[in-house]
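Commentary on secondary and tertiary structure
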Amino acid sequence: MTGRWTAGVDLGGTNIKVGLVGPAGQVAHASELPASGLRTPKDFVDVIDASIARSLAAVRAPERALTGVAVGVPGPVDAERGLVHTLVNLPGWREVPLKRLLESRFKRPCAVDNDANLIALAEWKLGAGRGSRFMAGLTLGTGVGGGFVFNGLLYRGVGGSAGEVGHTVIDPDGPACGCGARGCLEAHIGTAAILRMGRGALTRSRGALRRLVAAEAQGRLTPKLLSQAARSGDAEARKVWQVFGRYLGLGLANLINVLNPDRIVIGGGVSGAWPLFAPAMRAAIDSQALEAPAREVRITQATLGNHAGILGAAVLLWSNSQGQRVATTRRDSA
Ligand SMILES: [Zn+2]
């Protein structure tokens, strides 16, 4: 058998990442393309088809070395049928039978799942979740995504929407959330919330935050700048990350009490501020979670970084090919 490559695709809000994953879980070739021009699902299939062909050429592999194609999308998915229900960033996508479209193009096994599910699966198989039995993965960024891997299988719930940790309610009188509810975890610690807190901090700052923002083009505030300022000792910026850590810890305490996981893996761009928010996060868990499950869980930073979505897509195809059912909770047809 010559080199066997699985194509993993991560369809994000602004970019599409496409990568070839080898059998040892290594990303051999990856590229990033803009998602903005995609009007139809067929456009998307065309774009990734061309990208996969370029990647195969780059690693000098023939077309037959491609074992399959799997895609993670930022929205709810019926993974068993490969049906994408809706995508906020691509309004034309409703009830798209993406798995079928992929299979008719590539003539190989294909799979589709929610991106946060795939990131959790990748961390369980190849990253910070290795060896865990009941793992929850959280992805911190624009939103707060979640995925559960129990005994090596994704837990998706009856319709594929399990793991929406970002929409667990922390404060019913809290800020409005994009989902229409109020006080969700995401409304407290998503990027928009961080920037809202950051703007308040900026008006009070006498230190690094004020200097750093003034030095930026157009004075643009970003979560990265807020963590830089906090690392340089800006008291107001540090407070933002303490509040962030407290809310995250409250969300995790609920998760710990409900699931009793042995591992929680936290990734996504914002998790880079870990040293700034982790102490407040742990304090909130200690005060709110039940003692036994709080003792039994290990909370750790994700290790796979930017390629986690690509890797998770490949891991999903591998587990499908080993005969593991895509869904763990519905239609026991045995
Ligand atoms: Zn919400």
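Since this is a predicted model, take the numbers as computed values, not measurements.

1. Some thoughts on the pattern of salt bridges
Applying the stated rule across the entire model yields 10 salt bridges. With its nearest N and O atoms 3.6 Å apart, the salt bridge here joins arginine 108 to glutamate 63. Taken together, the residues arginine 108 in the loop between helix H2 (98-106) and strand E8 (110-114) and glutamate 63 in the loop between helix H1 (41-58) and strand E4 (66-73) connect sequence positions 45 residues apart. Overall, the relative accessible area of 17% leaves arginine 108 in the buried class. Since its relative accessible area comes to 57%, glutamate 63 is described here as exposed. One salt bridge connects glutamate 103 with lysine 99, and the closest N-O pair in it is separated by 3.5 Å. With glutamate 103 and lysine 99 both in helix H2, this residue pair falls four residues apart, about one helical turn. Taken together, the shared-partner salt bridges connect Lys42, Asp46, Asp49 and Arg105 into one network.

2. Side note on the coordination of the zinc ion
Listed as protein donors to the zinc ion are His167 (ND1), Cys177 (SG), Cys179 (SG) and Cys184 (SG); their distances from the metal cover 2.0 to 2.3 Å. In this structure, the zinc ion is surrounded by four donor atoms whose angles at the metal cover 105 to 122 degrees, and the resulting shape is tetrahedral. In the primary structure, the donors to the zinc ion are separated according to the pattern H-x9-C-x1-C-x4-C. Of the two residues, histidine 167 is situated in the loop between strand E11 (153-155) and helix H4 (185-189) and cysteine 177 in the loop between E11 and H4; the sequence distance between them amounts to 10 residues.

3. Topic: the confidence of the model for the protein
The predicted model of the protein averages 92 in pLDDT, with 96% of residues at 70 or higher. The low-confidence segment residues 325-334 (pLDDT under 50) makes 22 contacts with residues lying over four places distant or belonging to another chain.

4. Observations regarding the sheet that holds E8
With respect to topology, five strands assemble into an open sheet ordered E3-E2-E1-E4-E8, the strand pairing being mixed. Two strands bound the open sheet, and with one partner strand each, they are strand E3 (27-34) and E8. Between one strand axis and the next, the sheet turns through 15 degrees on average, direction left out of account. Bridge analysis of strand E2 (residues 15-21) against E3 gives seven bridges, and the strand direction is antiparallel. Within E3, the residue paired with valine 21 across the bridge is valine 27. Against the sheet, H1 contacts strand E1 (5-11), E2, E3 and E4, and its axis sits at roughly 40 degrees relative to E2. Packed onto the sheet, H2 meets E4 and E8 and runs at close to 150 degrees relative to E8.

5. A look at the nonpolar core
Looking at soluble globular proteins, one finds that nonpolar side chains tend to be buried together. Core analysis: the largest hydrophobic core is formed by 46 residues, its most contacted members being Leu140, Trp241, Leu248, Leu252, Ile266, Met281 and Ile299. Per-element accounting of this core gives the leading share, 11 residues, to helix H8 (residues 235-259). Residues in contact with leucine 248, not counting those within four places in the same chain, are Leu138, Leu140, Leu185, Ile189, Ile266, Phe277 and Met281. With 32 residues, the next largest nonpolar core counts Val9, Leu11, Leu87 and Leu98 among its residues.

6. Details of the environment of glycine 68
Examined against the element boundaries, glycine 68 turns out to sit in strand E4. Separated by 23 residues in sequence, glycine 68 and valine 45 place their C-alpha atoms 14 Å apart.

7. Thoughts on the sheet that holds E11
Read across the open sheet, the five strands follow the order E11-E10-E9-E12-E13; overall the sheet is mixed. At either margin of the open sheet sits one strand with a lone partner, and together these are E11 and strand E13 (298-301). Each strand of the sheet is rotated relative to its neighbour by a mean of 25 degrees, with strand direction disregarded. Bridge count between strand E12 (residues 263-267) and E13: four bridges; the pairing is parallel. Across the sheet, isoleucine 266 pairs through a bridge with glutamine 301, a residue of E13. Here helix H3 (residues 115-126) sits on the sheet in contact with strand E9 (134-140), strand E10 (144-150), E11 and E12, set at roughly 50 degrees to E10.

8. Some points on the packing of H1 against H2
Running from N to C, H1 and H2 point in directions that differ by 45 degrees, and their axes come no closer than 11 Å. Classified by the angle their axes make, H1 and H2 are oblique. As H1 runs across H2, the sense of the crossing is right-handed. From H1, Pro41, Phe44, Val45, Asp46, Ile48, Asp49 and Ile52 reach across to H2, where they touch Leu98, Leu101, Leu102, Arg105 and Phe106.

Procedures and definitions
- Residues numbered from 1 in each chain as written.
- Predicted model: local features only at pLDDT ≥ 70, side-chain atom pairs only at ≥ 80, totals over all residues.
- Heavy atoms only, no water.
- Salt bridge = Lys/Arg side-chain N within 4 Å of Asp/Glu carboxyl O.
- Helix = DSSP H or I, 4+ residues; strand = E, 2+ residues; numbered from the N terminus.
- Buried < 20%, exposed > 50% of the residue type's maximum accessible area, 1.4 Å probe, protein only.
- Donors = N, O, S within 2.8 Å, 3.2 Å for Na, K, Ca; no water.
- Tetrahedral: all angles 85-135°; square planar, octahedral: opposite > 155°, others 65-115°.
- pLDDT = per-residue confidence, 0-100.
- Contact = heavy atoms within 4.5 Å.
- Pairing = 2+ DSSP bridges.
- Axes fitted to C-alpha atoms, helices over the stretch in contact; angles between N-to-C directions.
- Core = buried A, V, L, I, M, F, W, Y, C linked by side-chain atoms within 4.5 Å.
- Parallel < 35°, antiparallel > 145°, perpendicular 65-115°, else oblique.
- Left-handed = near helix turned anticlockwise from the far one by under 90°.

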